[in-house]
Amino acid sequence: MIQVSEWSVLLLLLKLASYSALAALAGTFLIRFIIASNLSGHHFISFSQYLKRWQIQCVALGFIAVILQVPIEAGAIAESGVAGMLDPFMQEIVWQSVIGEQALFRGAALFVAMIVALNWRINIKHRFAVVINNTVMLVLLISIAYSFTFTGHSANENGLVKSMLTFHLLAIASWVGSLWPLYKSCTILSVHEVKKVMHLFGHLAIIVVFVLLISGLALLLNYLHSLSALFTSSYGQLILLKLLLVSAMLMMGAWHKLILVPRITQKQHVGTLKRSISVEMLIAAFVLITTSVFTTLVGPPN
Amino acid sequence: MKLFNSAVVILGLVLTFSASAHISLKQSTPTQEAMLMQSPEQLSLTFGGEVRLAKVIIKDEKNKSINFDFKPSSTPSTDFNWSLPSLAHGTYTVKWTVLGGDGHKMSDSFSFMVHQSESSNMMQEQSNAHSKHNH
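If you're wondering where the values come from, they're calculated on a predicted model, not measured in any experiment.

A. Summary view of the packing of aromatic side chains. Counting across every chain of the model gives 13 aromatic pairs over all chains. Relative to Phe148(A), the ring of Tyr19(A) has its centre 4.9 Å away and its plane inclined at 15 degrees; by these criteria the two rings are stacked. Remark: Phe148(A) occurs in the loop between helix 5 (127-147) and helix 6 (159-188) and Tyr19(A) occurs in helix 1 (residues 6-36); sequence separation between them is 129 residues. For the pair formed by Tyr19(A) and Phe148(A), the shared burial category is buried. Pairing Phe68(B) with Phe70(B) gives two aromatic rings, centres 6.3 Å apart and planes at 40 degrees, and the pair type is tilted. Here the two residues Phe68(B) and Phe70(B) agree in accessibility, since each one is buried. Grouping aromatic residues by their ring pairs yields a cluster made of Phe47(B), Phe68(B), Phe70(B), Phe80(B), Trp82(B) and Trp96(B). Note that Arg106(A) overlies the ring of Phe148(A), its terminal NZ or CZ placed 3.9 Å from the centroid. Between the NZ or CZ atom of Lys274(A) and the centre of the ring of Tyr183(A), over which it lies, the distance is 5.2 Å.

B. Spotlight on the nonpolar core. In terms of nonpolar packing, the biggest core is built from 77 residues, with Trp175(A) and Leu273(A) touching the most fellow members. If near-sequence neighbours (up to four positions away) are discounted, Leu273(A) is found in contact with Cys186(A), Val194(A), Met198(A), His256(A), Leu260(A), Val261(A) and Ile264(A).

C. Highlighting the packing of helix 2 (residues 41-78) of chain A against helix 3 (residues 88-95) of chain A. Residues and elements named next belong to chain A. With their axes 9 Å apart at the nearest point, helix 2 and helix 3 run at an angle of 115 degrees to one another. Crossing of helix 2 against helix 3: the hand is right-handed. On the side of helix 2, the interface is formed by Val70, Pro71, Glu73, Ala74, Ile77 and Ala78, while helix 3 contributes Met90, Gln91, Val94 and Trp95. Of the residues that constitute the contact of helix 2 with helix 3, the class distribution is 8 nonpolar, 1 polar and 1 charged.

D. Molecular detail of empty space enclosed by the protein. Residue and element names in this part refer to chain A. Per the counting criterion, the structure on display carries 2 cavities of 30 Å³ or more. If you add up the space inside the largest cavity, you get close to 70 Å³. Tyr19, Leu22, Ala23, Leu169, Ile172, Ala173, Leu288 and Thr291 are the residues that line the largest cavity. At the level of secondary structure, the elements contributing two or more residues to the lining of the largest cavity comprise helix 1, helix 6 and helix 10 (271-296). Of the residues contributing to the lining of the largest cavity, the split by class is 7 nonpolar, 1 polar and no charged. Taken as a whole, the second largest cavity encloses approximately 50 Å³ of empty space. Looking at the second largest cavity, the residues that line it are Ser18, Ala21, Leu22, Leu25, Gly62, Arg106, Leu110 and Ile144. Of all elements in the fold, only helix 1 and helix 4 (98-118) reach the threshold of two or more residues within the lining of the second largest cavity. At 4 residues, the largest contribution of residues to the lining of the second largest cavity is made by helix 1. Across the lining of the second largest cavity, the residue classes tally to 5 nonpolar, 2 polar and 1 charged.

What counts and what doesn't
- Residues numbered from 1 in each chain as written.
- Chains lettered and ligands numbered in written order.
- Predicted model: local features only at pLDDT ≥ 70, side-chain atom pairs only at ≥ 80, totals over all residues.
- Heavy atoms only, no water.
- Phe/Tyr/Trp six-rings, centres within 6.5 Å; stacked < 30°, edge-to-face > 60°.
- Helix = DSSP H or I, 4+ residues; strand = E, 2+ residues; numbered from the N terminus.
- Buried < 20%, exposed > 50% of the residue type's maximum accessible area, 1.4 Å probe, protein only.
- Lys NZ or Arg CZ within 6 Å of the ring centre and 35° of its normal.
- Core = buried A, V, L, I, M, F, W, Y, C linked by side-chain atoms within 4.5 Å.
- Contact = heavy atoms within 4.5 Å.
- Axes fitted to C-alpha atoms, helices over the stretch in contact; angles between N-to-C directions.
- Left-handed = near helix turned anticlockwise from the far one by under 90°.
- Nonpolar A, V, L, I, M, F, W, Y, C, P; charged D, E, K, R; others polar.
- 1 Å grid on protein atoms, 1.4 Å probe; cavity = no way out; pocket = protein on both sides within 12 Å on 5 of 7 lines; lining within 4 Å.
- Points joined across faces, edges and corners; volume = space filled by probe spheres on them.

So, in structure tokens, the structure goes:
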């Protein structure tokens, strides 16, 4: 039986904040990549400025989570209230463990990401500068996603499993994190521009979903050694719940791509699409919560 | 705070399934539920993998902590040993908390019983001698 204490809930919220920061950063990167060479004009400038602010806020959220990680882990171990968070012995134990390594690695990656986000120029004329900016941000995103493999059930896995988990995390993060910028695009961009962005996102989403499913299947085969474990173990049941939620997101994505987006220009408004994206965001939030629960409180069956 | 407490309770109710075991306590001296005829000289814990030991508490049946030379260890190891003071007869509970190699916190407890300690034997003998002398 899992003992859910206040500390477990705090650790769960910390994981959720870390996942959300990665998702928002990856999703914003994807949308920025789409609009960079396909939009122009004052709508593009306004949307880009919004994305820049959003990206800085995402990195700040990630930073807060990193700063709180070691004290909260120390407090959870000390089991002596808030004072335990500052216990030097407990902090030393946490700093010298994989949690400390994770916090340092992720903190460094977020620090560089903050510099890149702050120095992002919306109208970069030099193609070389765009390539450098995108490459650095992609490396940082991979590094932040990889840092999640330092702790938990993947900590003792081989490089292949860790790579699979990194790409799985990046794929789901890009998808989930794109939804808020797409939702905001319905408010900032014109109807034709929204249609263009949604159309291009639909193309990229196919690659994202492909990576997500292939890596997810490989991880499932690695962690669950039998089909029955999917139904009998708590870890398997939570994976089933996540699969159900991701399937719902997939169906909504297909509905957007095949039905709603083609209708945008016909109806000349994006209200239905905006509402539909907000429902998809709600499901995405449940995906992140489910993932946080089974990576923080529940482990794969032995 | 009420909302936070409610969230903890709801989460606890939802998560009524068994958690998978990570690194666990492989062996201990005294063993779980051991019935000893004399006070144990040492407490030793052996884990299934390397852990960082954060806390070990020994409490008697009156919930009073027993002092021994425990210090938290940030060096990972599988085996830990401490000398124990002489324990009077009674039931003792050992509660341990460790940080596993994967960064997971684990804690558990076990109990053992001391039927008769050397010191209580000596006290008993002294008491008997004293009562004989009085008679």
